[in-house]
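In case you want the letters, here they are:
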Amino acid sequence: MSKEIYENPDLKKERQNCPFNKEEITHLLDGGKEKTIERKQLENYILSDEQLKDAVPMEYLSHADKYAEELRKACLLMHKLADSPAGQVPTLRALMGAGLGSAVLKEGNPLALHYVMFIPALMGQGTIDQQAKWLEKAYNLNMIGTYAQTELGHGTFLRGLETRATYDPKTQEFILESPSLTAYKWWPGSLGKTANYAVVMAQLYTKGKCEGTHPFMVQLRDEETHEPLPGIVNMWLNPVCISSYIHYGTYVKPTNSKLSYATMVFVRVVVCQDVTTNLRKAVTIATRYSCVRRQSELKPGDREPQVMDYQAQQNKLLPPLAATFAFQLAADHLWNLYHTANNNIEQGDLELLPDLHGLSCALKALCSSEAANFVEVCRQSCGGHGYMSCSNFPRIYGQVTAAETYEGENTVLWLQVARYLVKTRKEQSGGLSVKYLIGEEKGPKTVDTTLEGIVKLYRRAAVGLVDVAIAELDKSGRKGEAPHDAWNHAAVYLIKAAQAHARLFVVESFVDSLKEGKLSAPVRTVLSQLCELFIIYWLLERSGDFFLCSNLTKQDLLLLNSKYVELLAAIRPQAVNLVDSFDLRDEVLNSPLGCWDGNVYQRLFDEAAKSPLNQSNVHESFHKYLKPLLKSNL
Ligand SMILES: CCCCCCCC/C=C\CCCCCCC/C=C/C(=O)SCCNC(=O)CCNC(=O)[C@H](O)C(C)(C)COP(=O)(O)OP(=O)(O)OC[C@H]1O[C@@H](n2cnc3c(N)ncnc32)[C@H](O)[C@@H]1OP(=O)(O)O
Ligand SMILES: Cc1cc2nc3c(=O)[nH]c(=O)nc-3n(C[C@H](O)[C@H](O)[C@H](O)COP(=O)(O)OP(=O)(O)OC[C@H]3O[C@@H](n4cnc5c(N)ncnc54)[C@H](O)[C@@H]3O)c2cc1C
């Protein structure tokens, strides 16, 4: 007799009469039907392996045991690569980020940096000979690498890195040294115990001259014993400069000194997708839970309502739900730009490099900061149960908020974007993604609150805030301030302009994708509602920017507020169907609050029972500490 599959009755009701084809949205997010099939095959292949399951919840293991357990599973995953139904690169991509990989490696993947930064650094910056020597070894896991750039004293200011690589023309060797405590490489993932090689960023000195930061391949540990090589702590010998600029003892300048930063650009691009995956998980958990959880009284005398029926809860959860689509579509556009720019760069055409740098900084900063804020809102929307470790919100939040710092601290990246915007606006040059900055904003300044009218408002704000920042810079210049002081004193305006640019890109990506996309009418309807909700939400959140840069009136704002709450009510009935369309398995969500069947309370109870403290009625510490206290009559 087949076991009746439990489904929470409220969730069951939410799923009845779905007006759109969920699979159509799943295929859209996966990149097509074939990709969905491939993903599901890969998920089954990985998640059916009993050896990849945790005997006990990771939170109850010691630090060392957590590391050992994650390393065991990470190595097992690598053994499974060869037989993966999805091929090497799609499997690696799935295993490295917040999706399938996080279902197995809940504390993080000790081998992630090897694939996310070490190999990309070799591919992006190694010479053909160097790639021939190292890439096969890296792909075959005959070496494990990391990317060692950040030091105790410097992470942001790369020109301030202290690690030195001095070229000795006699031996034709580079001597790497960390001259001070603050020069110690600090933060690189896997550097502590896992990697035996590293791409080390160091200041290149040759003939007594500093030629700036360059990447060097350095062996850290013996390949057999894994012991650190002699002198590894403060003196490294025998490194090799990657993408050698030393030809017969003479330094040959690269076509662009920033090409050595290419690996960071790659990671900024993939991080946008990764934080969006984490946000999808958080929204799914909070939405399903909010339709299972019944609390308080909406209509006097009635049954306690689903908390999702409170407009306040819809206001918490539907903007992040919309954001998952907005960020995914923007990240897809950025990924395409990355590939185009990279192919051009390989042919020596660097024209798109500034656009790629500007946009990757903008989207990485925007997606990571917005996603972190939205994940925290999702956590809070689940009340006390959202605070539990087993809810998975703490881990999801930790992963997303880390992205606000690594790969370029967000404030610093916003200022990079502003530098690019001011330059483009002033020089009226180039600017693939900033065409709106070239030439004057045309058309009437009147406001219409249609979708197109709102997009025009975003464009006005993006242009206007750059002009406000430039006016501040010019004002400081007229007062005789040096450019670096003027820049520092305009930072608030510069960051606002950068953020408005990033939001415009996301909004236009969302609107254009709906125009171009081959969507069924029901899917187009629900995605258009989400798009309109999201762009109005952001406008209401940042209304000051729009008042400053357009003829937006109080009446317009009141109208947009009404439209916003109407859209909350319109989308509410489809919230569960939309998160079901993400097709995130329970193992990937890893949360009793978000499981597909909605059996929340039983799963919470079962999770609590796993705690070591719940294996006995009285913990031994009672007799050691509490009982003496109770008897001490203080
Ligand atoms: C098989 C493959 C599998 C792949 C798996 C994919 C799936 C994985 C999914 C998710 C994984 C997520 C896990 C990620 C783990 C990451 C771990 C973290 C790693 C790190 O953090 S590494 C260290 C990162 N550090 C930084 O980012 C440092 C930030 N600082 C800087 O970038 C720079 O110092 C600066 C930009 C802040 C300033 O540099 P500088 O002072 O030298 O430059 P300026 O004077 O400001 O500008 C000069 C000039 O240069 C241009 N510029 C600057 N940077 C760049 C760049 N990167 N590219 C191009 N151009 C650049 C700048 O625009 C100026 O130009 P103009 O003079 O204005 O023309
Ligand atoms: C989880 C995690 C993983 C990491 N993995 C790696 C890795 O694998 N390899 C690696 O090399 N590094 C890694 N890092 C380090 C990371 O790249 C740095 O922490 C990051 O670049 C920020 O630099 P910082 O720590 O020096 O911060 P700082 O730059 O010192 O930031 C401190 C404050 O100073 C402000 N500030 C700094 N410069 C400016 C400026 N010009 N204008 C205005 N404000 C400024 C910042 O906005 C911030 O508020 C990792 C970090 C984390 C958190």
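Reading the values: rules and limits
Residues numbered from 1 in each chain as written. Chains lettered and ligands numbered in written order. Predicted model: local features only at pLDDT ≥ 70, side-chain atom pairs only at ≥ 80, totals over all residues. Heavy atoms only, no water. UniProt positions renumbered as here; feature names shortened; annotations may be inferred. Near = heavy atom within 4 Å. Polar contact = N/O pair within 3.5 Å; in protein donor to acceptor, adjacent residues only side chain to side chain. Areas by Shrake-Rupley, 256 points an atom, 1.4 Å probe, with all protein chains shown as cover. Helix = DSSP H or I, 4+ residues; strand = E, 2+ residues; numbered from the N terminus. Nonpolar A, V, L, I, M, F, W, Y, C, P; charged D, E, K, R; others polar. Buried < 20%, exposed > 50% of the residue type's maximum accessible area, 1.4 Å probe, protein only. Arc of directions from axis to C-beta. Contact = heavy atoms within 4.5 Å. Pairing = 2+ DSSP bridges. Patch = residues over 30% accessible without salt bridge, like charges linked within 9 Å, V, L, I, M, F, W, Y side chains within 5 Å. Salt bridge = Lys/Arg side-chain N within 4 Å of Asp/Glu carboxyl O. Core = buried A, V, L, I, M, F, W, Y, C linked by side-chain atoms within 4.5 Å.

Per an unreviewed UniProt entry, the protein chain is named Acyl-coenzyme A oxidase, and its organism is Daphnia pulex. UniProt lists a comment for the protein chain under the heading Pathway (unreviewed entry), and it reads "Lipid metabolism; peroxisomal fatty acid beta-oxidation." Heading Cofactor (unreviewed entry) of the UniProt record for the protein chain holds this comment: "FAD".

A few words on the site of ligand 1. Around ligand 1, the surrounding shell holds 29 residues, and the nearest of these are Thr 156, Lys 258, Gln 416, Arg 419 and Lys 423. One of the backbone N or O atoms of Thr 156 is found 2.7 Å from an oxygen atom in ligand 1. Protein contact buries 83% of the 1400 Å² of open area that ligand 1 shows by itself. Mapped by element, the contributors of at least two residues to the shell around ligand 1 are helix H5 (88-96), helix H7 (112-125), helix H9 (262-292), helix H11 (353-380) and helix H14 (410-427). Broken down by element, the residue count for the shell around ligand 1 peaks at five residues, all from H9. Of the residues assigned to the shell around ligand 1, the class counts are 14 nonpolar, eight polar and seven charged.

Moving on to the UniProt feature "domain: Acyl-CoA oxidase C-alpha1" (unreviewed entry) in the protein chain. Cross-referencing UniProt, the feature "domain: Acyl-CoA oxidase C-alpha1" (unreviewed entry) maps to residues 261-422 in the present numbering. Across residues 261-422 one finds 76% helix and 0% strand; the C-alpha atoms that close the span lie 22 Å apart.

Take H5 next. Inspection of H5 places Thr 91, Leu 92, Leu 95 and Met 96 among the buried residues, and these make up the whole buried set. Along the long axis of H5, the arc covered by the buried residues comes to 125°, so they all point the same way. Each element contacted by the buried residues of H5 is listed here: helix H3 (33-47), helix H4 (63-81), helix H6 (100-104) and H7.

The next subject is the pairing of strand S4 (residues 197-206). Of all ten residues that make up S4, nine are buried, and the element is covered over most of its length. Bridge count between strand S1 (residues 145-148) and S4: four bridges; the pairing is parallel. Across the sheet, residue Gly 145 finds its bridge partner in S4, namely Tyr 197. Note that S4 and strand S5 (residues 209-219) share nine bridges and pair antiparallel. Bridged to Val 199 within S5 is Met 217. Linking two consecutive strands that pair antiparallel, namely S4 and S5, is a turn of two residues; a positive phi of about 50° is found at Lys 207 within it.

This part covers the site of ligand 2. Around ligand 2, 18 residues are found, and the nearest of them are Tyr 147, Thr 150, Gly 155, Thr 156 and Glu 409. In the environment of ligand 2, an oxygen atom lies 3.1 Å from a nitrogen or oxygen atom belonging to the backbone of Gln 149. For ligand 2, the accessible surface in isolation is 970 Å², of which the surrounding protein chains cover 59%. Element by element, the count of residues in the shell around ligand 2 is highest for H14, at three residues. Partitioning the shell around ligand 2 into residue classes produces eight nonpolar, eight polar and two charged.

What follows is about a nonpolar patch on the surface. Side chains of Leu 152, Leu 181, Trp 186 and Trp 187 sit close together on the surface and give an oily, nonpolar patch of about 540 Å² of accessible area. Inspection of the secondary structure assignment puts Trp 187 in the loop between strand S3 (173-177) and S4.

This next bit is on the nonpolar core. In terms of nonpolar packing, the biggest core is built from 185 residues, with Ile 46, Phe 325 and Phe 534 touching the most fellow members. Beyond its immediate stretch of four places on either side in the chain, Phe 325 contacts Ile 25, Leu 29, Phe 510, Leu 527, Leu 530, Leu 578 and Phe 582.

Following the UniProt record, the feature "active site" (unreviewed entry) maps to Glu 407 here. Tracing the chain through its elements places Glu 407 in the loop between helix H13 (393-402) and H14. Contacts of Glu 407, omitting those with residues within four sequence positions, involve Met 117, Met 264, Val 267, Arg 268, Lys 364 and Leu 413.

What the rule picks out here adds up to 35 salt bridges. Look at the salt bridges and you will find they share partners, linking Glu 7, Arg 15, Lys 22, Arg 288 and Asp 580 into a network.

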